[in-house]
Amino acid sequence: MTSRSVEIHEVRLPIAKIGKLTPQERYTYYMLGHMFNELMCLQKLASFTMPKHQDLRPARLRPELSQTMLIFRMACSKLWEAIIKLRRDEMRLTLDKIVLPKMPDGTQRWTELNDAVNSASWLKVVRDGIGFHFPEYKDWTPFVTPNADWVDDVIYVGKQSGNTFYDAADNLAQVWMFGKKRGDSIEKNVVPMLEQMIDLLRTIISFLEDSLAIFIAEFIMKSKGEGTPIGKVIAPEHEDVVIPFWTAFKQTR
């Protein structure tokens, strides 16, 4: 894995300036940062868990894809929560007053973000049904009832519990997640939903980042102040980072 130095800058916002904000403005400022941090982290984790090899054996591929889908479910659930918060008066009024008027095409971008989320009606279903909760008995009963298409369950087992994967259970979760949309088959839904997930994450993260830049530079700092270089860190190339499923554990007696 190749690495290179990444330069880090520090930007300080004086507490005196933060103190001059209204409680609603401070809530919006900190919440925008919290949303950005979490969604960016989940976006990176989703990328890191995607298989980057040509080994198509189910025992290698299925557990890795399961990790990717777990991160996507969490990301979609957080995205849904973020848009709910952004739409409420506590944040929306501050965005209307401070951010959108100074953001190029701000009103249009806000409308496009809302339209994109509204077009993904499955977001709330994923959030409520499996993203933040384990599915209810009534929801999974139709999916755990065998039919003529069922095949044998498979479990992949290593010597340590950390190398055990219940493939049938994960397959059921994917069927529920991707096959629930308007009664379509999982094969028909999986690619469009994944592409929509990725586009939605990019759209909202870009909106949050630009909102914070305007909030900080134009309103809090009023274009005064800039980042100070504080050093470099050694970082792997983003495309090379992989979070594996199968891991070799230290032998214990």
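Residues numbered from 1 in each chain as written. Predicted model: local features only at pLDDT ≥ 70, side-chain atom pairs only at ≥ 80, totals over all residues. Heavy atoms only, no water.

Asks: A description of the overall build of the protein chain should follow, citing residues and the corresponding values.
Replies: Secondary structure summary: the protein chain contains 9 helices and 4 strands in total. Reading the helices (α) and strands (β) of the protein chain from amino to carboxyl end gives β-α-α-α-α-α-α-α-β-β-α-α-β. For the C-alpha atoms alone, the extent of the protein chain along its principal axes is close to 65 × 45 × 30 Å. Buried positions account for 34% of the 253 residues belonging to the protein chain. The contacts of the protein chain with a sequence gap of at least 6 include a subset with a gap of at least 24, amounting to 78%. Accessible surface computed for the protein chain: about 15600 Å², of which carbon and sulfur atoms make up 57%. One finds the centroid of the 33 positive side-chain charges in the protein chain at a distance of 6 Å from the centroid of its 32 negative side-chain charges. (Helix = DSSP H or I, 4+ residues; strand = E, 2+ residues; numbered from the N terminus. Buried < 20%, exposed > 50% of the residue type's maximum accessible area, 1.4 Å probe, protein only. Contact = heavy atoms within 4.5 Å. Areas by Shrake-Rupley, 256 points an atom, 1.4 Å probe, with all protein chains shown as cover. Lys, Arg positive; Asp, Glu negative; His and termini not counted. Charge placed at Lys NZ, Arg CZ, Asp CG, Glu CD.)

Asks: Which residues make up the packing of helix H6 (residues 122-131) against helix H8 (residues 167-179), and what values go with them?
Replies: Here H6 crosses H8 at 155°, and the two axes come no closer than 10 Å. The orientation of H6 relative to H8 falls into the category roughly antiparallel. Considering only the axes of H6 and H8, their crossing is right-handed. Residue-level inspection shows Val-125, Val-126, Gly-129 and Ile-130 of H6 in contact with H8, the latter providing Ala-173, Trp-176 and Met-177. Residue composition of the contact of H6 with H8, by class: 6 nonpolar, 1 polar and no charged. (Axes fitted to C-alpha atoms, helices over the stretch in contact; angles between N-to-C directions. Parallel < 35°, antiparallel > 145°, perpendicular 65-115°, else oblique. Left-handed = near helix turned anticlockwise from the far one by under 90°. Nonpolar A, V, L, I, M, F, W, Y, C, P; charged D, E, K, R; others polar.)

Asks: Hey, could you go over the nonpolar core for me, with residue numbers and the actual values?
Replies: Formed by 53 residues in total, the largest nonpolar core has its most connected members in Leu-86, Trp-122, Leu-123 and Ile-204. Broken down by secondary-structure element, the contributors of at least two residues to this core are helix H2 (23-49), helix H3 (58-87), helix H4 (89-99), helix H5 (106-118), H6, H8 and helix H9 (186-220). In terms of residues, this core owes the most to one element, H9, which gives 12 residues. Leaving out residues up to four positions away in the same chain, Ile-204 has contacts with Leu-39, Leu-79, Ala-82, Leu-86 and Leu-113. (Core = buried A, V, L, I, M, F, W, Y, C linked by side-chain atoms within 4.5 Å.)

Asks: Break down the pattern of salt bridges for me, citing the residues and quoting the values.
Replies: A complete count under the given rule lists 15 salt bridges for this structure. Where Asp-55 meets Arg-60, a salt bridge forms, and the shortest distance between an N and an O atom there is 3.4 Å. For Arg-60, a relative accessible area of 28% corresponds to the partly exposed category. Across the pair Arg-62 and Asp-170 runs a salt bridge whose closest N-O atoms are separated by 3.3 Å. Highlighted residues: Arg-62 in helix H3 and Asp-170 in helix H8, separated in sequence by 108 residues. Beyond isolated ion pairs, a larger network of salt bridges with shared partners links Asp-55, Arg-57, Arg-60 and Glu-64. (Salt bridge = Lys/Arg side-chain N within 4 Å of Asp/Glu carboxyl O.)

Asks: I'd like a description of the packing of H3 against H5, backed by residues and values.
Replies: In the contact formed by H3 and H5, the axes pass within 11 Å of each other and the chain directions differ by 135°. In terms of orientation, H3 lies oblique with respect to H5. Note on packing geometry: the crossing formed by H3 with H5 is left-handed. Touching Leu-79, Trp-80, Ile-83, Leu-86 and Arg-87 of H3 are Trp-110, Leu-113, Asn-114, Val-117 and Asn-118, all from H5.

Asks: Describe unusual backbone geometry, with residues and values.
Replies: With a phi angle near 55°, Asp-105 is a residue other than glycine that sits in the positive phi range. Tracing the chain through its elements places Asp-105 in the loop between H4 and H5.

Asks: Could you give me a rundown of the layout of surface pockets, with the residues and numbers involved?
Replies: Computed from the structure, the second largest pocket encloses a volume of approximately 340 Å³. As for the second largest pocket, its lining consists of 19 residues, and the residues nearest its centre are Leu-70, Arg-73, Phe-134, Asp-170 and Ala-173. For the lining of the second largest pocket, the secondary-structure elements that each account for two or more residues are H3, H6, strand S3 (164-166) and H8. For the lining of the second largest pocket, the element with the highest residue contribution is H3, accounting for 6 residues. Split into classes, the residues belonging to the lining of the second largest pocket amount to 12 nonpolar, 5 polar and 2 charged. (1 Å grid on protein atoms, 1.4 Å probe; cavity = no way out; pocket = protein on both sides within 12 Å on 5 of 7 lines; lining within 4 Å. Points joined across faces, edges and corners; volume = space filled by probe spheres on them.)

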